[in-house]
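The chain contents come next:
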Amino acid sequence: MTKPCIICVAITGSLPKKANNPAVPITIAEQVESTQEAFEAGATIVHAHVRNDDETPSSDPDKFARLKEELEKHCPGMIIQFSTGGRSGAGRERGGMLPLKPDMASLSVGSNNFPTRVYENPPDLVDWLASEMRTYHVKPEIEAFDLSHIHQAAAMNRDGRIPGKLYIQFVMGVKNAMPADRDVFDYYIRTVERLAPGAEWCAAGVGAQQLTVNEWCISSGGHTRTGLEDNVRLDRDTLAPSNAALVRRAANLCEKYERPVATWQQAREILNLPLKAA
């Protein structure tokens, strides 16, 4: 395979704390430094959340604005993707940063169970978030926690609510949601190819499943996500020293399967995003 593999680094998330791994970046300065190291290691998308000083999740647009400004300065060309996930806020608060016009934003198009609660994505909120993304020319990354989410994304693409080339991420390994199951993974790929020909896909494995899902993606011709949001360890006994270490691990898999790691220019071309001067 010669198709370049886009590596996304999910640097922080809403849950991991310093107590879980001191390398988890919390402040804007820590996030920028961690992202820059990951960018230099091969990541071309940064999936970003913001936190309060006490490490709790935030949806404060001012924090996102400061993060975006610093990332553009220190990681020129990198694709900036903001999270609209439900742990950081409620209702339309989740899309309060979209007027900042990041390159991309996550979009969950349906509800599902999480470890201790229901991850609610009611249709009216999904439609509003998608509308805001259209208004501000933000490309959605579809977060597929379930097969129905792939079907819904394809339907929204057909009727114009999500225009252009779809980018769908399979999220596997979240407790009470979809486990990291190879048969399911392969069926997801076939479903995307059937319902949305030409779409790009990637996958994220949570916790101990991260490396396994990285390898499935890379060996199957897709893109992949890694980072401390999803997994704070290199193995059962070893904490990951940085986001960059997890990116390098994914890049090594690309080498194993003779796939080039996508440059930021290639990643933007693959996702139909405008090029920015480095």
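Nothing here was measured: the structure is a model prediction, and the numbers come from that model. (Residues numbered from 1 in each chain as written. Predicted model: local features only at pLDDT ≥ 70, side-chain atom pairs only at ≥ 80, totals over all residues. Heavy atoms only, no water.)

**Side note on the pattern of salt bridges**
Turning to step 1, where the next piece is worked out: Tallied over the full model, the rule gives twelve salt bridges.
Turning to step 2, where the next piece is worked out: Between K3 and E200 there is a salt bridge, with the nearest N and O atoms lying 2.8 Å from each other. Remark: E200 occurs in strand β11 (residues 200-205) and K3 occurs in the segment before β1 (7-10); sequence separation between them is 197 residues.
Turning to step 3, where the next piece is worked out: Put simply, E72 and K68 hold a salt bridge, and the shortest N to O gap is 2.9 Å. Residue E72 and its partner K68 are both found in helix α2 (residues 61-74); the two are separated by four residues, about one turn of the helix.
Turning to step 4, where the next piece is worked out: Owing to a relative accessible area of 34%, E72 belongs among the partly exposed residues under this scheme.
Turning to step 5, where the next piece is worked out: One salt-bridge network, held together by shared partners, links K3, K165 and E200. (Salt bridge = Lys/Arg side-chain N within 4 Å of Asp/Glu carboxyl O. Helix = DSSP H or I, 4+ residues; strand = E, 2+ residues; numbered from the N terminus. Buried < 20%, exposed > 50% of the residue type's maximum accessible area, 1.4 Å probe, protein only.)

**A short note on unusual backbone geometry**
Turning to step 1, where the next piece is worked out: Unlike most non-glycine residues, H137 shows phi in positive territory, near 55°.
Turning to step 2, where the next piece is worked out: Along the chain, H137 falls in the loop between α3 (123-135) and β9 (139-144).
Turning to step 3, where the next piece is worked out: Residue class for H137 comes out exposed when judged on its relative accessible area of 68%.
Turning to step 4, where the next piece is worked out: Although it is not a glycine, N272 adopts a positive phi angle of roughly 60°.

**Remarks on the side chain of K68**
Turning to step 1, where the next piece is worked out: According to the relative accessible area criterion, K68 is buried, its value standing at 14%.
Turning to step 2, where the next piece is worked out: Not counting residues up to four positions away in its chain, the partners in contact with K68 are I80, F82, L100, K101 and P102. (Contact = heavy atoms within 4.5 Å.)

**Observations concerning the packing of aromatic side chains**
Turning to step 1, where the next piece is worked out: What the rule picks out here adds up to nine aromatic pairs.
Turning to step 2, where the next piece is worked out: Ring geometry for F114 versus Y119: centroids 4.6 Å apart, planes at 25°, classification stacked. For the pair F114 and Y119, one class covers both residues: buried.
Turning to step 3, where the next piece is worked out: Summarising the aromatic geometry, the rings of Y119 and F145 are spaced 5.7 Å apart at their centres and angled 85° between planes, so their arrangement reads as edge-to-face. (Phe/Tyr/Trp six-rings, centres within 6.5 Å; stacked < 30°, edge-to-face > 60°.)

**Structural notes on the pairing of β9**
Consecutive side chains of a regular strand alternate in pointing toward one face of the sheet and then the other.
Turning to step 1, where the next piece is worked out: In terms of burial, β9 is a largely internal element, six of the six residues being buried.
Turning to step 2, where the next piece is worked out: Burial of β9 is two-sided: the residues K139, E141 and E143 facing one way and the residues P140, I142 and A144 facing the other way are all buried.
Turning to step 3, where the next piece is worked out: When strand β6 (residues 104-107) meets β9, the two strands line up parallel, connected through four bridges. By the bridge assignment for β9, A105 is matched with P140.
Turning to step 4, where the next piece is worked out: Judged from the three bridges that link them, β9 and strand β10 (residues 167-172) form a sheet pairing that is parallel. (Pairing = 2+ DSSP bridges.)

**A closer look at the nonpolar core**
Turning to step 1, where the next piece is worked out: If you look at the biggest cluster of nonpolar residues, it comprises 58 residues, and the most contacted ones within it are V9, L107, I142, I168, F170 and F185.
Turning to step 2, where the next piece is worked out: Counting residues per element, this core draws most heavily on α3, which supplies six residues.
Turning to step 3, where the next piece is worked out: Leave out the neighbours within four places in its chain, and I142 touches L107, V109, H149, A153, I162, L166, Y167, I168 and Q169.
Turning to step 4, where the next piece is worked out: Grouped together as the second largest cluster of nonpolar side chains are twelve residues, I45, I79, M104 and A267 included. (Core = buried A, V, L, I, M, F, W, Y, C linked by side-chain atoms within 4.5 Å.)

**Structural notes on the state of the cysteines**
Chemically, a disulfide is nothing more than a covalent bond linking the sulfur atoms of two cysteines.
Turning to step 1, where the next piece is worked out: If you walk through the whole model with that rule in mind, you get zero disulfides.
Turning to step 2, where the next piece is worked out: Unpaired in terms of disulfides, C202 finds its nearest cysteine sulfur in C217, a separation of 6.8 Å.
Turning to step 3, where the next piece is worked out: By relative accessible area, which is 1% here, C202 ends up buried.
Turning to step 4, where the next piece is worked out: Since its relative accessible area comes to 0%, C217 is described here as buried. (Disulfide = S-S within 2.5 Å.)

**A word on helix α7 (residues 243-256)**
Turning to step 1, where the next piece is worked out: For α7, with 14 residues, the first-to-last C-alpha span of 20 Å sits near the 20 Å given by 1.5 Å per residue.
Turning to step 2, where the next piece is worked out: For α7, the tally of buried residues reaches ten of 14 residues, placing the bulk of the element in the interior.
Turning to step 3, where the next piece is worked out: Restricting attention to buried positions, one finds in α7 the residues N243, A244, A245, L246, V247, R249, A250, A251, L253 and C254.
Turning to step 4, where the next piece is worked out: Structurally, α7 contributes buried residues whose contacts are with β1, α1 (28-41), α6 (210-220), β12 (223-226) and β13 (233-235).
Turning to step 5, where the next piece is worked out: Between the side-chain oxygen of the N-cap and the backbone nitrogen of A244 there are 3.4 Å, and the N-cap of α7 in question is S242.
Turning to step 6, where the next piece is worked out: Immediately downstream of α7, the backbone of E258 shows phi near 55°, a positive value. (Expected span 1.5 Å × (residues − 1). Polar contact = N/O pair within 3.5 Å; in protein donor to acceptor, adjacent residues only side chain to side chain.)

**Focus: the packing of α1 against α7**
Turning to step 1, where the next piece is worked out: Direction vectors running N to C along α1 and α7 enclose 15°, while the axes themselves pass 8 Å from each other. Between α1 and α7, the angle falls in the class roughly parallel. The handedness of the crossing between α1 and α7 comes out as right-handed. Taken together, the residues of α7 that come into contact with α1 (itself represented by S34, E37, A38 and A41) are N243, A244, V247, R248 and A251. (Axes fitted to C-alpha atoms, helices over the stretch in contact; angles between N-to-C directions. Parallel < 35°, antiparallel > 145°, perpendicular 65-115°, else oblique. Left-handed = near helix turned anticlockwise from the far one by under 90°.)

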